[in-house]
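Topology and contacts: notes
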Amino acid sequence: MTPVRKIALRRIRNAPGQSLLIFLSLLFSVMLITCFVFFKAESLLREDPALASLPIGTFLIRVRSAMDAAILFLVLTAAVTLRVQSNLRRRQNTRALAVLTSVGATAKQRRALVTAELGLLYYPAVLAGTLLGAAPGILFARGFPGAAQGSFSVGWMCLIYLALWLVLVLLGMILVTLCVCVPEFGSGRGSAIGRIRGQDTASTERHSYRQSKTFREQSILRRLAQKCADYHRAAYSKIALSFSVSAFYPILALLLTARVLGAEVTLDANPYDGVDTAGSAIGVIRGLVAFLGGSFAVLMIFGAVGGVLMARLQYADRLAARQAYLAVGLTETDFRALLRREMATVTLRALVFLLIWSMAANAVFVMFLGG
């Protein structure tokens, strides 16, 4: 094992909780996306032409359309989660990178360290997620009464699924690389030690403070809290975004379930043919809802934990700066109240982000499935 890979492995081991959080959140996101993709592929390849024009065929088309909308938002939320968590990891490792720079590590070696972490932490999650999500998608699709033997042999089906799996792995790795490597390599152009000195003011050069009459009439403490929240806008926005994404997963699950189960379709068009298409479809839908509910619940928990970690880190940084406030006459009680007001802005921003996510999801589901 090369020295760079040893250092990357040591960094992962030094933060086992955060590394496990990144691994599992990426794994479940990729697993759900893979499940939806393989469900659609299996249902299309094995669709019974005799049932395609019947209500059960229409219902299956509706299920596939709902999954297409869900895939879009799962990709977006996975990208946002990766971006936020990689930003948190980079922020925690800034001092470690500065130490490496002080002992002679070059920018190329630091980029190699990030690439090694990709191979040890992120890429295995993509591989595991695609492997775990393929089988449930195929099994759920085969459970629908519209599935038939299909016109493809077993060998061709295996080749198609292998090619589809490889495409999903490649796209997942590209997404991870864009979300993790691009910000890391961009931040590596400057001095790591310089970023240590200015890490609290790196993205806070814009001082667009509101000086309206309403702002001036507020209490000094409230005005100071608003200015501090504006000063740390980037950090608080990332924390709020993490919380909003975690709260969006149950909303996405509800929208997906409601759009599928809310369809007014008579599944069993001929109750006298001895084939209970309604019972078969409802059984598959129940299993699918249970699988999706558990996966979305896990993603919600992981997102909330990631937001809490970011909030704790920001809170600790603000506590470390309290001497500057105490030196200008602010009491300890007022400083604690100032921090509480700052953290309250995170809740408001998270609610705004959640509202935007929900409205966008509802609009996309309407576009894919109609009103």
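Below: a short report on this structure. Residue numbers here run from 1 along each chain, matching the order of that chain's written sequence. Local features in this predicted model are restricted to residues whose pLDDT is 70 or higher, and side-chain atom pairs enter the listing and the counts only when it is 80 or higher, whereas totals over whole chains, interfaces and linings include all residues. Remark: hydrogens and water are excluded; side-chain values derive from all non-hydrogen atoms of the structure.

**Observations concerning the overall build of the chain**
The number of helices and strands found in the chain is 14 helices and zero strands. Only protein chains enter the accessibility calculation, which uses a 1.4 Å probe; a residue whose area is less than 20% of its type maximum is buried, one above 50% is exposed, and one in between is partly exposed. Buried positions account for 44% of the 371 residues belonging to the chain. Of the roughly 18,600 Å² of accessible surface on the chain, a fraction of 66% belongs to carbon and sulfur atoms. What counts as a helix is a DSSP run of H or I of at least four residues, what counts as a strand is a run of E of at least two, and both are numbered from the N terminus. All accessibility values rest on the Shrake-Rupley procedure with a 1.4 Å probe; residue burial counts only the protein chains present in the view.

**Some details on a nonpolar patch on the surface**
Together, Val167, Leu170, Leu171, Ile174 and Leu178 give the surface a local cluster of nonpolar side chains, amounting to about 460 Å² of exposed area. Structurally, the position occupied by leucine 170 is in helix α7 (residues 154-187). For patches, a residue must show more than 30% relative accessible area and have no salt bridge; joins then use 9 Å for like charges and 5 Å for nonpolar side chains, namely Val, Leu, Ile, Met, Phe, Trp and Tyr. A carboxyl oxygen of Asp or Glu within 4 Å of a side-chain nitrogen of Lys or Arg is what we treat as a salt bridge.

**Observations concerning the packing of aromatic side chains**
Ring pairs shown here join Phe, Tyr and Trp side chains whose ring centres sit within 6.5 Å, with only the six-membered ring taken for Trp; geometry is labelled stacked below 30 degrees between planes, edge-to-face above 60, and tilted in between. One pass over the structure, following the stated rule, counts six aromatic pairs. Ring geometry for phenylalanine 28 versus phenylalanine 302: centroids 6.3 Å apart, planes at 70 degrees, classification edge-to-face. Of the two residues, phenylalanine 28 sits in helix α2 (residues 16-45) while phenylalanine 302 sits in helix α12 (residues 277-320), which places them 274 residues apart along the sequence. On the numbers, 6.2 Å between centres and 35 degrees between planes, the contact of tyrosine 249 with phenylalanine 296 is tilted. Of this pair, tyrosine 249 sits in helix α11 (residues 233-261) while phenylalanine 296 sits in helix α12, and the two are 47 residues apart along the sequence. Put simply, the rings of Phe73, Phe248 and Trp357 pair up and form one aromatic cluster.

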